[in-house]
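Single-letter residue listing:
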Amino acid sequence: MIYHTSSTLDADHFLKVYSKLEPKIINRLDSSRVEQIKENRKRLIPIIECIILCGRQEIALRGHRDAGNIFTHDTSNQGNFRSILLYRSNGDEHLTSILQTPGRNKYITPQIQNEIISSCGNIILQTIVKKVNDSQCFSVLADETTDISVTEQLALCVRYIDKENNVNESFLKFIQVHSLSGKNLADSILNGLISCGIDCDFLYGQGYDGASNMSGQFQGVQAHIRSKYPKAIYVHCAAHSLNLAVSTASNIKPVRNCLGIIEKLYVFFNTPKRNAVLLSAIENSNTDQKVKTLKRLCATRWVQRYDSVHDFIELFEFLVNALECITEWNDSSATDATLLLKSFDSEFIISVNIVQLMFSFGLPLCKQLQKINIDLKEAINLAQDTVDELKTIRNNCDDEFNNIFSKAKKMADKVEVELKYKRLGKRQTNRANPLTDQTISVNDYFKITVFISYIDFFISQLTERFLSHSKVFNGFGCLFSSNEHFTEDDQLHFTQLVEFYSPQVDKNNSLTELRLWRTKLRRTSCIPKTGIDALTECNKEIYPNIYLLLKILCTLPVSTTTPERMFSALKRVKTYLRNTMTEDRLNGLSMLAVHRDIKVSPEDVLDDIAKRPRKLDLVL
């Protein structure tokens, strides 16, 4: 009895000391140690706060000189970190006394900076990983780029649903890769997830671009990952699919030539002397022109070319005046300007107005696909809405093209160009020749050769590119219907969906839950438009299997916009002046710069760096 009582008391005492409810024995024996630890922590907090500030604001820490007395009167650049500490020491006698103390252990060396940065990144990463593992359902997003030091960097991100049923896409880390084969990239992704502490058993989706090494059916990244985690469905980035559709559709000759001329005009006026002529033409006009320069045609995001085409049409009259002025110069610019003026023919003027109309339909769709809180159902619906509207335009092509032709006529009148088609031969092979009858009108000729051809190609490309997304969504479609009776297709697709996700989804109760779920939708007369809306309405306790299916649907990736945004952060953090930083330092600074919404406390950083042996005691 006495032994049991003493053991219980010892256990309680141990738990109190372990949970910091009571001071440790060493602190009881040495009371001055407690004061020394508090003093040590107090002196390090300003240093940690300074590093966090530089990381959050993407400011370079190091300068030309990172050693020696910080109060030196040397004019060499000590870097932002030491300069901020020096500035902060003004009026702070405690910090000044620490920095002026002779000897070492000031904790401001580059090595200590790296440790603190790494600790900050680990704290942020642990916060994200806990949310991902608590969600028990996530998708991986990855994309690759080359940094300023010509190192291949793989941006690793995850998409998951938090406890408040909000969709999150969070950056985890950059992974340096030495091979771009599907097998090596797949190993890098899985090892990166495991090293972060994420449980890959909850991996339900993969989101990459359409490159063969990523999307390959046999040797691609998605194939290698699915061999280990069969439920990780690959979804081609919808934004890339849209860009490929627009790019392929714009490959017809008149449209391709039109865009090429706009690009040449941008290059031509991208010099101070020629651009000054354009600005002078704008200033001498009586109109209040807001657009004053041309934009470059984006090489990868085709729908962003809408801005370039729109600005060109706005500046068309001024461009013509500037080119006419440059033709009078006595250098090679006059020859180039003459050639560009001659390129403004009927086909070009009509094509540029057709391109503006088509790109205007792709622009809002592209912007929506780049959002985080969009799910696969909404993406498919938006793409289908765009296709339906394009089909409506195709059915009313006469009226629609008449409006385009009227706009082109106004543009042509401003520059005194007559709209006419080029000479047609009886047997033409290198030019569109719909009719051999020379009496065909100019309107009908360009409507047949450019407008109808372009819009038909555009519709077919959008339908084909988003077909794979529709196939992925087939099984989930019956979750958004309130019909009392099941069609054969709905029952077949839902059964296949449940079979695919079993045993996580109960095959015995899932059909019953679906019936109850549809009854709820009929009772409330509220059919959710998106998976996120349905997830909010679904009660996890009543419909656990339906809830899991909706959660998987919301987790499936739509685009790889988040990894691509990390490329911008990479360019800001790892610049040409900071191109030798290690991977740990890069990831720590990137986490501080990207996840500004996650709080990093200096006290938590102190506890983390104190886990390693130190000459200073930092933990009570």
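Heads up: the structure comes first, above all this text.
Residue positions are counted from 1 within each chain, in the order its sequence is given. Local features in this predicted model are restricted to residues of pLDDT 70 or higher, and side-chain atom pairs are both shown and tallied only at a pLDDT of 80 or more, whereas totals for entire chains, interfaces and linings draw on every residue. Water and hydrogen atoms play no part in the side-chain values, which are based on all heavy atoms of the structure.

Student: Would you explain the overall build of the protein in this entry?
Tutor: The secondary structure listing takes helices from DSSP runs of H or I that are at least 4 residues long and strands from runs of E that are at least 2 residues long, numbered from the N terminus. Looking only at helices and strands, one finds 27 helices and five strands in the protein. The globule rule used here is 2.2 Å times the number of residues to the 0.38 power, and the radius of gyration it is set against is calculated over C-alpha atoms. Taken over the C-alpha trace, the protein has a radius of gyration of 32 Å; the compact-globule value for 620 residues is 25 Å, which it surpasses by more than 25%. The buried label goes to any residue with under 20% of its type's maximum accessible area, the exposed label to any with over 50%, and the partly exposed label to all in between, with areas taken from a 1.4 Å probe on protein chains only. By residue count, 49% of the 620 residues in the protein fall in the buried class. Any two residues having at least one pair of non-hydrogen atoms within 4.5 Å are treated as being in contact. Considering only contacts within the protein whose residues lie at least 6 apart along the sequence, 70% involve residues at least 24 apart. Using a 1.4 Å probe, the Shrake-Rupley method yields the accessible areas, and only the shown protein chains count as cover for residues. Summing over all exposed atoms, the protein offers an accessible surface of approximately 31500 Å²; the carbon and sulfur share of this is 50%. In summary, the charge assignment counts Lys and Arg as positive and Asp and Glu as negative, without counting His or the chain termini. Every charge is mapped onto a representative atom, which is NZ of Lys, CZ of Arg, CG of Asp or CD of Glu. Once the 76 positive and 72 negative side-chain charges of the protein are each reduced to a mean point, those two points are 3 Å apart.

Student: Is there a simple way to think about unusual backbone geometry in this case?
Tutor: Most peptide bonds are trans, and most residues other than glycine sit at a negative phi. Pro503 follows Ser502 through a cis peptide bond whose omega is 5 degrees. Summarising the element assignment, Pro503 is placed in the loop between helix 21 (488-501) and helix 22 (510-524). Non-glycine residue Glu58 carries a positive phi angle of around 55 degrees. Tracing the sequence through the fold places Glu58 in the loop between helix 3 (31-56) and helix 4 (80-89). Despite not being glycine, Asn165 has its phi angle at roughly 60 degrees, a positive value. In this structure, Asn165 sits in the loop between strand 2 (152-161) and strand 3 (167-176). For Asn165, a relative accessible area of 17% puts it in the buried group.

Student: What's the story with the side chain of His595 in this structure? I'm lost.
Tutor: Considering the arrangement of structural elements, one finds His595 in the loop between helix 26 (583-594) and helix 27 (602-609). Discounting chain neighbours no more than four positions away, the residues touching His595 are Arg56, Ile124, Ile128, Ser170 and Phe171.

Student: Please clarify how the packing of helix 17 (residues 376-395) against helix 19 (residues 442-465) should be interpreted in this entry.
Tutor: In a packed pair of helices, the relevant descriptors are the angle between the two axes and the axis-to-axis distance. Between the N-to-C directions of two axes lies an angle of 0 to 180 degrees, each axis being a line fitted to C-alpha atoms and, for a helix, fitted only over the stretch in contact. With their axes 10 Å apart at the nearest point, helix 17 and helix 19 run at an angle of 155 degrees to one another. By the angle between their directions, the pair helix 17 and helix 19 is classed as roughly antiparallel. The two elements helix 17 and helix 19 cross, and the hand of that crossing is left-handed. For the pair helix 17 and helix 19, contact is made by Thr386, Val387, Leu390, Lys391, Ile393 and Arg394 and by Phe451, Ile452, Ile455, Asp456, Phe458, Ile459, Leu462 and Thr463, respectively. Grouping the constituent residues of the contact of helix 17 with helix 19 by class yields nine nonpolar, two polar and three charged. Our angle categories are set so that under 35 degrees counts as roughly parallel, over 145 as roughly antiparallel, 65 to 115 as roughly perpendicular, and the remainder as oblique. Here a crossing is called left-handed whenever its near helix is offset anticlockwise from the far helix by less than a right angle, and right-handed whenever the offset is clockwise. Polar here means any residue other than Ala, Val, Leu, Ile, Met, Phe, Trp, Tyr, Cys and Pro, which are nonpolar, and Asp, Glu, Lys and Arg, which are charged; Gly is therefore polar.

Student: Honestly, the sheet that holds strand 1 (residues 138-146) in this entry has me stumped. Any pointers?
Tutor: Sheet strands pair by backbone hydrogen bonding; their relative direction is either parallel or antiparallel. Two strands are counted as paired when DSSP detects at least two bridges linking them. Strand order in the open sheet formed by five strands is 3-2-1-4-5, with mixed pairing between adjacent strands. Every other strand in the sheet has two partners, leaving strand 3 and strand 5 (233-236) as the edge strands with one partner each. For this sheet the average axis-to-axis angle between neighbouring strands, irrespective of direction, equals 25 degrees. As defined by bridge partners, strand 4 (residues 203-208) adjoins strand 5 across four bridges and the pair is classed as parallel. Residue pairing in the sheet places Gln206 in a bridge with Tyr234 of strand 5. Across the sheet, helix 6 (residues 110-135) is in contact with strand 1, strand 2 and strand 3; its angle to strand 2 comes to roughly 50 degrees.

Student: Even after reading the chapter, I still don't get the packing of aromatic side chains, so can you show me in this structure?
Tutor: The geometry of two aromatic rings is summed up by the distance between their centres and the angle between their planes. Pairs were defined over the aromatic rings of Phe, Tyr and Trp, the Trp ring being its six-membered one, requiring ring centres within 6.5 Å. Orientation was assigned from the angle between planes: stacked under 30 degrees, edge-to-face over 60, tilted for the rest. Counted under the stated rule, the structure contains 17 aromatic pairs. Measuring from ring centre to ring centre gives 6.4 Å for Phe476 and Tyr501, while their planes differ by 50 degrees; the resulting arrangement is tilted. A residue pair is termed long-range when its members are at least 10 positions apart, and Phe476 in the loop between helix 20 (467-473) and helix 21 and Tyr501 in helix 21 qualify at 25 residues. Residue classification places Phe476 among the buried positions, given a relative accessible area of 0%.

Student: I would appreciate a short explanation of the pairing of strand 4 in the present structure.
Tutor: A regular strand places its side chains on the two faces of the sheet in alternate fashion. For strand 4, a buried count of six out of six residues is recorded, marking the element as mostly surrounded by other parts of the structure. Both strand 1 and strand 4 contribute to a ladder of four bridges, which runs parallel. Looking at strand 4, one finds that Val140 is bridged to Gln206.

Student: Can you walk me through the environment of Phe457 in this structure?
Tutor: Structurally, Phe457 can be placed in helix 19. Taking C-alpha positions, Phe457 is 26 Å from Lys295, a pair spaced 162 residues apart along the chain.

Student: What is the right way to read the side chain of Lys447 from this model?
Tutor: Within the element layout of this structure, Lys447 appears in helix 19. Engagement of the side chain of Lys447 in a polar contact is seen with the side chain of Asp398, the distance being 2.6 Å. In this view, Lys447 contacts Cys397, Asp398, Phe401 and Ile452; residues no more than four positions away in its chain are not counted. A 3.5 Å cut-off defines polar contacts: any pair of N or O atoms within that distance qualifies, except that in protein one atom must be a possible hydrogen donor and the other a possible acceptor, and neighbouring residues in sequence count only when both atoms are side-chain atoms.

Student: Help me out: how do you make sense of the pattern of salt bridges in this one?
Tutor: Oppositely charged side chains can form a pair if their charged atoms are brought close together. Put simply, a salt bridge is a Lys or Arg side-chain nitrogen that is within 4 Å of an Asp or Glu carboxyl oxygen. Per the stated rule, a full pass over the model turns up 17 salt bridges. The salt bridge partner of Asp147 is Lys574, with a shortest N-O separation of 2.9 Å. Linking Asp147 in the loop between strand 1 and strand 2 with Lys574 in the loop between helix 25 (561-573) and helix 26, this pair joins segments that are 427 residues apart in sequence. On the accessibility criterion, Asp147 (7% relative accessible area) is buried. What makes Lys574 buried here is its relative accessible area of 5%. The shortest N-O distance in the salt bridge between Asp413 and Lys409 comes to 3.2 Å. Of this pair, Asp413 and Lys409 both sit in helix 18 (residues 397-414), four residues apart, which is roughly one turn of that helix. The exposure class assigned to Asp413 is partly exposed, which follows from its relative accessible area of 44%. Each of Glu58, Arg572 and Arg596 takes part in salt bridges that share partners, so that together they form one network.

Student: Just checking my understanding: could you explain helix 21 for this structure?
Tutor: Two residues of an α-helix separated by three or four positions point the same way, owing to the 3.6 residues in each turn. Residue count minus one, scaled by 1.5 Å, sets the expected span of a helix. If you check helix 21, its first and last C-alpha atoms are 20 Å apart, about what 14 residues at 1.5 Å a residue would give, namely 20 Å. For helix 21, the complete set of buried residues consists of Phe494, Leu497, Val498 and Tyr501. For helix 21, the angular spread of the buried residues around the axis is 95 degrees, confining them to a single face. Relative to its buried face, helix 21 has exposed residues pointing more than 90 degrees away, namely Glu488 and Asp489. Think of it as the arc spanned by the lines of direction from the helix axis to the C-beta atoms.

It is worth stressing that arrangement in space is one thing and function is another; only the former is reported here.
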